[in-house]
Amino acid sequence: MLHRRAIDVQVFAREDGLFDVEATLQDIKTRDIALASGLRRAGEPVHDMLLRLVVDRTLNVLAATSTTMGMPYPGYCGEHGDAYAGLAGLNLLKGFRAGVKERLAGTRACTHLTELSQVLPTAVIQAFAGVVLDTQEGDAGSGRAPFQIDKCHALRSDGPVVQTHYPRWYRPAPAAALTTSPS
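Residues numbered from 1 in each chain as written. Predicted model: local features only at pLDDT ≥ 70, side-chain atom pairs only at ≥ 80, totals over all residues. Heavy atoms only, no water.

Asker: Before we go on, may I ask you to explain the overall build of the chain in this structure?
Answerer: Within the chain one finds 4 helices and 6 strands. Shown N-terminal to C-terminal, the secondary structure of the chain runs as helices and strands in the order β-β-β-β-β-β-α-α-α-α. The globule rule puts the C-alpha radius of gyration for 183 residues at 16 Å, and the 22 Å found for the chain is more than 25% above it. Structurally, the chain occupies a C-alpha span of about 75 × 55 × 30 Å along its principal axes. Sorting the 183 residues of the chain into buried and exposed places 35% on the buried side. Pairs at least 24 apart in sequence give 46% of the contacts found in the chain among residues at least 6 apart. With 19 positive and 19 negative side-chain charges, the chain shows a spacing of 6 Å between the two charge centroids. (Helix = DSSP H or I, 4+ residues; strand = E, 2+ residues; numbered from the N terminus. Rg over C-alpha atoms; globule rule 2.2 N^0.38 Å. Buried < 20%, exposed > 50% of the residue type's maximum accessible area, 1.4 Å probe, protein only. Contact = heavy atoms within 4.5 Å. Lys, Arg positive; Asp, Glu negative; His and termini not counted. Charge placed at Lys NZ, Arg CZ, Asp CG, Glu CD.)

Asker: Can you help me understand the nonpolar core in this one?
Answerer: Grouped burial of nonpolar side chains is what soluble globular proteins tend to show. In terms of nonpolar packing, the biggest core is built from 29 residues, with Tyr 84 and Leu 87 touching the most fellow members. Residue assignment for this core shows that the elements contributing at least two residues are strand E2 (19–29), strand E5 (45–55), strand E6 (61–70), helix H1 (96–104), helix H2 (111–117) and helix H3 (120–128). Leu 87 has contacts with Leu 51, Leu 53, Val 61, Ala 64, Val 100, Arg 103 and Leu 104, leaving out every residue within four places of it along the chain. Among the nonpolar cores identified, the runner-up in size contains 5 residues, and Ile 149, Leu 155, Val 162 and Trp 169 belong to it. (Core = buried A, V, L, I, M, F, W, Y, C linked by side-chain atoms within 4.5 Å.)

Asker: Is there a simple way to think about the state of the cysteines in this case?
Answerer: In protein chemistry, a disulfide is the covalent bond that joins the sulfur atoms of two cysteines. All chains considered together, the criterion is met by 0 disulfides. Summary of cysteine pairing: Cys 77 is not part of a disulfide, and the nearest cysteine sulfur, belonging to Cys 110, is at 6.8 Å. (Disulfide = S-S within 2.5 Å.)

Asker: Help me understand the sheet that holds E2, please; the structure alone is not making it clear to me.
Answerer: Two pairing modes exist for strands in a sheet, parallel and antiparallel, and in both the strands are linked by backbone hydrogen bonds. The 4 strands lie next to each other as E1-E2-E5-E6, forming an open sheet whose pairing is antiparallel. Each edge of the open sheet is held by one strand with a lone partner, namely strand E1 (3–13) and E6. Ignoring which end each strand starts from, the neighbouring axes of this sheet average 10° apart. Across the face of the sheet, H3 comes into contact with E1, E2 and E5 while running at roughly 45° to E1. (Pairing = 2+ DSSP bridges. Axes fitted to C-alpha atoms, helices over the stretch in contact; angles between N-to-C directions.)

Asker: Where do I start with the pairing of E1 in this structure?
Answerer: Successive residues of a regular strand alternate their side chains across the two faces of the sheet. Taken together, the 11 bridges between E1 and E2 define a ladder with antiparallel strand orientation. Opposite Ile 7, over in E2, you have Leu 25 as the bridge partner. Between E1 and E2, which pair antiparallel one after the other, the connecting turn spans 5 residues, and Gly 17 there sits at a positive phi close to 90°.

Asker: What am I meant to see in unusual backbone geometry here?
Answerer: Leaving glycine out, the prevailing phi sign among residues is negative, and the prevailing peptide bond configuration is trans. Its identity is not glycine, yet Leu 59 carries a phi of approximately 70°, on the positive side. Within the element layout of this structure, Leu 59 appears in the loop between E5 and E6. Unusually for a residue other than glycine, Asp 150 sits at a positive phi of about 65°. Following the sequence through the fold, Asp 150 ends up in the loop between H3 and helix H4 (160–165). The exposure class of Asp 150 is partly exposed, given its relative accessible area of 48%.

Asker: How should the pattern of salt bridges be read in this particular structure?
Answerer: A side chain of one charge can pair with a side chain of the opposite charge if their charged atoms are brought near each other. All chains considered together, the criterion is met by 7 salt bridges. Note that Asp 16 is salt-bridged to Arg 14, the shortest N-O span being 2.6 Å. By relative accessible area, Asp 16 is classed as partly exposed at 48%. With its nearest N and O atoms 3.2 Å apart, the salt bridge here joins Arg 156 to Asp 158. Looking at Arg 156, the relative accessible area reads 29%, which means it is partly exposed. The network of salt bridges with shared partners includes Arg 5, Asp 27 and Glu 115. (Salt bridge = Lys/Arg side-chain N within 4 Å of Asp/Glu carboxyl O.)

Asker: Can you walk me through the pairing of E2 in this structure?
Answerer: Bridge analysis of E2 against E5 gives 10 bridges, and the strand direction is antiparallel. Within the sheet, the bridge partner assigned to Phe 19 lies in E5 and is Val 55.

Written out as structure tokens, the structure reads:
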């Protein structure tokens, strides 16, 4: 092994009804490497970063911050101000990734933390599934299917998984149009 990148996302329910999201990224080499800033020993993180969000039940980001504990250029990598506070106001389900790109692309922030933010929508959805988001019945009042239907190949509304496990939301594919050839 030459390199290990570890990404960890943990979601915590708070007493006030909000949720804390803590995402970490670590890059670790299996050998000593010479960086411009000096020698980094095998096993010492080249990158060790934390991105924290506060989100509500509808996946709105209410607050965000970051901390850089390990970096290749100490005194510089972590000096992007509070750029990640700019994630506040975004929604993890609606345009989050595009919003991150718009607000933090290029030299406005840290490439690694910005990349880490891209895994947050699906990670938080996993945390919310069955707790905040109804994965069986969806929104009964509006007649909307559970959020996961038509969000991936296996859970397409015309597929066998939905037909078997979510029959209320199964929608057969339209019959192929018959075509006639000219005579």
